[in-house]
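Each chain is listed here by its residues.
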Amino acid sequence: MKIAFSPCPNDTFVFHAWVHGLIPGAPKLDVTYADIDVTNHLAVAANGPDVLKISYAALPWVLTDYALLPCGGALGRGCGPLVLTAKPAEGTGRAGGAAALAGRRVAVPSERSTAYLLFRLWAARNVPGGVGEIVIMPFHEIMPAVRDGKIDAGLVIHEARFTYPSYGLNLLADLGAWWEEDTGLPIPLGAIIAKRSLDLASIARWTRESVQHAWAHPEESQNYVLGHAQEMNPEVAKAHIDLYVNEFTAELGKDGYAAIHALLGRAADEGLVPKFDLETLRWTRTD
């Protein structure tokens, strides 16, 4: 079975057991490791992988061929994307800082990332006249580009939440905090999807068992996780996993589905994603 997910610690932690043949009855995996911008595009390509990790922001484009799995993904609280600048923005408070982005160049990890979708929703309320040029850049290149003055601000994800101070950068906005204050819901970041033609119930079960095995035996995955993480020490990798692998990874549940509905419903109303029947996200009555 072909699968594609990022080399980030949360994904390698979640799928370690399945990748290494530790899930009874689960098929062998042929893994492609790729950043989220790549997997988002793989999901709409001809003959895409059987299972993928994509941004929730990309989900509306792939629901004809792929179904959302109720486990394995990344939702949570206190784990949202950050807007960073090289120097503190002029003005006081959130509105004043955000106003400094008007007409500026901002780097983002993908146009179909959840981070970018949240940024668009936030900027529409907080940046008078809107930002200027949007530059697509691999997420690990964004902070150096902001530090070196190549761009005015950067939208960062993942472990950048823990490492941006080492680049001398300023936190302009925490989009996760903004989202949670506005909705009271967790942030839908990364989704696990599988081709509708496959046995979805079994794939969901194997994914959930892989998550549970990772929690029960965290030491087993450490070498695999660190081997794929980019310039990350064990402490940062553990903090990353603790933040992004949580109750919603095991089961989306009521709040998880409500968060997805809120994000994609708002985005569709703003014309940022195609409209679709949100109820199609649940492919069985028991997921």
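What counts, and where the lines are drawn
Residues numbered from 1 in each chain as written. Predicted model: local features only at pLDDT ≥ 70, side-chain atom pairs only at ≥ 80, totals over all residues. Heavy atoms only, no water. Helix = DSSP H or I, 4+ residues; strand = E, 2+ residues; numbered from the N terminus. Rg over C-alpha atoms; globule rule 2.2 N^0.38 Å. Buried < 20%, exposed > 50% of the residue type's maximum accessible area, 1.4 Å probe, protein only. Contact = heavy atoms within 4.5 Å. Areas by Shrake-Rupley, 256 points an atom, 1.4 Å probe, with all protein chains shown as cover. Core = buried A, V, L, I, M, F, W, Y, C linked by side-chain atoms within 4.5 Å. Pairing = 2+ DSSP bridges. Right-handed = clockwise from strand over helix to strand, strands pointing away.

A.B. asks: Looking at this structure, I do not really get the overall build of the protein. What am I missing?
C.D. replies: Along its length, the protein carries twelve helices and eleven strands. Its C-alpha radius of gyration of 18 Å places the protein within 12% of the 19 Å reference for a compact globule of 287 residues. Summarising its shape, the C-alpha atoms of the protein cover approximately 60 × 40 × 35 Å along the three principal directions. Within the span of the protein, comprising 287 residues, buried residues form 54% of the whole. For the protein, the proportion of contacts with a sequence separation of at least 24, taken over those separated by at least 6, is 80%. Here the protein displays about 12,200 Å² of accessible surface, and carbon together with sulfur accounts for 50% of that area.

A.B. asks: Would you take a moment to explain the nonpolar core for this structure?
C.D. replies: Core analysis: the biggest nonpolar cluster contains 59 residues, and I54, Y56, L59, L68, V83, F119 and W122 have the highest contact counts within it. When sequence neighbours within four positions are dropped, the list of residues in contact with V83 reads L101, F119, W122, G154, L155, N170, L171, L172, A173 and L175. If you look at the next biggest cluster of nonpolar residues, it comprises 30 residues, including V31, V51, I241 and V245.

A.B. asks: Even after reading the chapter, I still don't get helix α1 (residues 9–19), so can you show me in this structure?
C.D. replies: Residues three or four positions apart in an α-helix share a direction because the helix packs 3.6 residues into each turn. Most of α1 is tucked away, with ten of its eleven residues classed as buried. Turning to α1, its buried residues are P9, N10, D11, T12, F13, V14, F15, H16, A17 and W18. In the segment just after α1, G21 is the residue with positive phi, at about 70 degrees.

A.B. asks: Can you walk me through the pairing of strand β2 (residues 30–33) in this structure?
C.D. replies: Where a strand is regular, its side chains alternate between the two sheet faces. Pairing analysis gives four bridges linking strand β1 (residues 2–5) to β2, with the strands arranged parallel. Its bridge partner being in β2, F5 is matched across the sheet by Y33. With respect to chirality, the unit in which β1 leads through α1 into the neighbouring parallel β2 is right-handed.

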